[in-house]
Amino acid sequence: MSARKGPGGPAEPAGDAGAAAIEIRGLRKSFGDNEVLSGIDFHVDAGEVVCVIGPSGSGKSTLLRCVNLLEEPSAGTVRVAGAEVTDPDIDIDAARRRIGMVFQSFNLFPHLTALGNVTIAQRKVLKRDRAEAERVARANLERVGLADKVAEYPGRLSGGQQQRVAIARALAMDPRVMLFDEPTSALDPELVGDVLGVMRELAEDGMTMLVVTHEMSFAREVADRVVFMDGGVVVEEGPPSRVLDDPEHERTRTFLARVLDPAGQGP
Amino acid sequence: MTAEPLKAGPAPGMSRRRRRRLVLGGQYGAFVVVVAVLAALADWPQLQDNFANYGKAKGLFPEILTVGLRNTVVLTALGFAIGLVLGLVLALMRLSSAAPYRWTATAYIEVFRGLPLLLIFVFVGFGVPLAFPGRTVPGGTTGAGALALGLVAAAYMAETIRAGIEAVPKGQMEAARSLGMPYGRAMASIVIPQAFRIVIPPMTNQLVLLCKDSSLIMFLGISLGGRDLTKFGRDLAGQLGNTTPIVVAGVCYLIITIPLSQLARWLEARQRRGER
């Protein structure tokens, strides 16, 4: 539909109300002979927070990376905010502008300050002028609690601060959805809370979020829905209370037992 | 406790400290003896007259700076600029997903790294005017020399820059692309600035090499005003029948190259410490 072709600016699709913000159908992805995703179907509604959990190697991150085409799906379709990103004719750069992504390893640009990290894509991609970009950047850095770190380089920030700059960087592009790829897995335990706090506020503000995480308490408290993946398929999904506390499938139960009680000495 | 505490007990005959002193003393002694013998053999007035003749050295100034040093610096800077631009293009070609670009860049790099620099100089200086009658490299002999320097430097720099680009973590490109930057924009704004930071120390060393290699320009037959340091020193040494101009020219080179080498070493050390 909209936002195809044309580097002529951020074409906003007329918000088709009620449509899913992210819609994934029959998604498959193989690396050589290794099929990582074996047919995924699910959707995220606008304003919804969906947490994807599952053992490592279950394809969670690959699924996320297929949503903004960092990985090219082998089959299936992905639609984001009404635009089919798997359409070979789509302007993928235009589509990605509306999909914020936060990485496990932050991936801040080390040669730029926090402010530079948050302004560069605004200026080079959205063609905002410096004053406007800096205004947006400062507002977003303040939103993640880093108003005083504007001039710092990433090397001088803690992991938690870096990840919050990364969130601000994605938010500054006014994304329609936000993807989080294990955003707290690379953090020291005492820094996890700050990042989760920012994400929780984001959820409360109504952002559509797809979060791959191992933080079960975050999933329980913030997610509208939890998706459990294993072996490249969605094993089960539903409200966190059901998936996390009363899972239907044995695989889910086994996984949760291992995650919630890693030492294996529970009741 | 059964083990005896380790004691640096006196060795039979000589203590360790005494032996170390003896060895060190022997080394110093040998050094002093060699220097003294050489000094005694040398004909000092003759040496000074021929290599460090103050009067003749004074006569070289200011031309050795305004002509010789200036032309060396101009050649080096031009050669470096040509090498940098062409090297970046070649590095990007080597990383291209289009095979013909990769092949072309690889062939270029292998050819220009595999040939003697002097051959390239002669080729550009004499070959180009012969191959394209009526055409010369802009800038005359200096232009031809800078071009030859740049063509070869590009081959070396391309490999350095490519390694620098590959040393930038993959996540940087992914983060840039996920913000909606097209590939070229992500390269230009995110990856290449970081790659250049990585390659600054080796590039500084490249600059030192270029400065020295620029002396090959003398084989292209340069005008009086176009003489570089080496040619200038050689010409005046011939005129004066004295080696002092060569020594002064050498000192001029070192004034450029030693600080540059030190700078490269310092930048490298700073990078290793992970500072910005």
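Residues numbered from 1 in each chain as written. Chains lettered and ligands numbered in written order. Predicted model: local features only at pLDDT ≥ 70, side-chain atom pairs only at ≥ 80, totals over all residues. Heavy atoms only, no water.

Looking at an unreviewed UniProt entry, one finds chain A named Amino acid ABC transporter ATP-binding protein, with Actinomadura yumaensis as its source organism. In UniProt, chain A has this text filed under Sequence similarities (unreviewed entry): "Belongs to the ABC transporter superfamily." (UniProt positions renumbered as here; feature names shortened; annotations may be inferred.)

Enquirer: Which residues make up the nonpolar core, and what are the values?
Expert: The biggest cluster of nonpolar side chains holds 87 residues, and the ones touching the most others in it are Ile24(A), Phe42(A) and Leu210(A). By residue number, the principal contributor to this core is helix H7 (residues 140-167) of chain B, which donates 13 residues. With residues near it in sequence (within four places) discarded, Leu210(A) still touches Ile22(A), Phe42(A), Val44(A), Val50(A), Val52(A), Leu64(A), Val67(A), Met178(A), Leu179(A) and Phe180(A). Counting 48 residues, the second-largest nonpolar core is a separate cluster that includes Ala170(A), Met178(A), Met209(A) and Leu256(A). (Core = buried A, V, L, I, M, F, W, Y, C linked by side-chain atoms within 4.5 Å. Buried < 20%, exposed > 50% of the residue type's maximum accessible area, 1.4 Å probe, protein only. Helix = DSSP H or I, 4+ residues; strand = E, 2+ residues; numbered from the N terminus. Contact = heavy atoms within 4.5 Å.)

Enquirer: So what about the sheet that holds strand E10 (residues 233-238) of chain A? Which residues, and what values?
Expert: All names here are of chain A. Ordered in space as E6-E7-E8-E3-E9-E10, the six strands form an open sheet in which the pairing is mixed. Where the open sheet ends on each side, the last strands, each with one partner, are strand E6 (99-102) and E10. Direction aside, the axes of adjacent strands within the sheet are offset by 20° on average. The strands touched by helix H5 (residues 159-171) within the sheet are E6 and strand E7 (177-181), with E6 carrying the most contacts at an inclination of about 170°. (Pairing = 2+ DSSP bridges. Axes fitted to C-alpha atoms, helices over the stretch in contact; angles between N-to-C directions.)

Enquirer: Can you tell me about the packing of helix H9 (residues 183-213) of chain B against helix H11 (residues 244-272) of chain B, naming the residues and giving the values?
Expert: Angle between the axes and distance between the axes: these two values describe a pair of packed helices. Residue and element names in this part refer to chain B. The N-to-C vectors of H9 and H11 enclose an angle of 165°; their axes lie 9 Å apart at closest approach. By the angle between their axes, H9 is roughly antiparallel relative to H11. Here the hand of the crossing between H9 and H11 comes out left-handed. Counted together, Arg197, Ile198, Ile200, Pro201, Thr204, Asn205, Leu207, Val208, Cys211 and Lys212 of H9 and Tyr253, Ile256, Thr257, Leu260, Ser261, Leu263, Ala264, Leu267, Glu268 and Gln271 of H11 form the full contact between these two elements. Taken together, the residues of the contact of H9 with H11 break down into twelve nonpolar, five polar and three charged. (Parallel < 35°, antiparallel > 145°, perpendicular 65-115°, else oblique. Left-handed = near helix turned anticlockwise from the far one by under 90°. Nonpolar A, V, L, I, M, F, W, Y, C, P; charged D, E, K, R; others polar.)

Enquirer: Quick one: what's the story with unusual backbone geometry, residue by residue and with numbers?
Expert: Here Phe61(B) and Pro62(B) are connected by a cis peptide whose omega angle stands at 0°. Considering the arrangement of structural elements, one finds Pro62(B) in the loop between helix H3 (54-60) and helix H4 (63-94). Backbone geometry at Leu69(A) places phi at a positive 65°, although glycine is not the residue there. Mapped onto the elements, Leu69(A) comes out in the loop between helix H1 (60-67) and strand E4 (75-80). One non-glycine residue with positive phi stands out, namely Asn107(A), at about 55°. Secondary-structure assignment places Asn107(A) in the loop between E6 and helix H3 (114-124). Here Asn107(A) falls in the buried class, since its relative accessible area comes to 10%.

Enquirer: Mind laying out helix H1 (residues 16-41) of chain B, listing which residues take part and the relevant values?
Expert: The first and last C-alpha atoms of H1(B) sit 38 Å apart over 26 residues, in line with the 38 Å expected at 1.5 Å per residue. In terms of burial, H1(B) is largely open, as just zero of its 26 residues are buried. (Expected span 1.5 Å × (residues − 1).)

Enquirer: Tell me about the interface of chain B and chain A, residues and numbers included.
Expert: Counting from both sides, the interface comprises 18 residues of chain B and, opposite them, 23 residues of chain A. Across the contact surface, chain B and chain A share two salt bridges. Among the ionic pairs, Arg177(B) bridges to Asp93(A), the shortest N-O distance being 3.3 Å. Across the chain B-chain A interface, the total number found is five residue pairs in polar contact (both at pLDDT 80 or more). At the level of elements, helix H8 (170-178) and H9 of chain B are the ones that each hand at least two residues to the side of chain B that touches chain A. Here the element with the most residues in the side of chain B that touches chain A is H8(B); it accounts for seven residues. For the side of chain B that touches chain A, the class distribution of residues is seven nonpolar, six polar and five charged. (Salt bridge = Lys/Arg side-chain N within 4 Å of Asp/Glu carboxyl O. Polar contact = N/O pair within 3.5 Å; in protein donor to acceptor, adjacent residues only side chain to side chain.)

Enquirer: Give me the lowdown on the sheet that holds strand E5 (residues 83-84) of chain A, citing residues and values where you can.
Expert: The strands that make up a sheet are held in pairs by hydrogen bonds between backbone atoms, and each pair lies either parallel or antiparallel. All names here are of chain A. Overall, antiparallel pairing links the four strands, which are arranged E2-E1-E4-E5 in an open sheet. The sheet is open, and its two borders are formed by strand E2 (34-45) and E5, each paired with just one other strand. The sheet contact formed by strand E1 (residues 20-31) and E2 spans nine bridges and is antiparallel. By the bridge assignment for E2, Lys29 is matched with Leu37. Sitting on the sheet, H1 touches E1, E2 and E4, and the angle it makes with E1 is about 120°.

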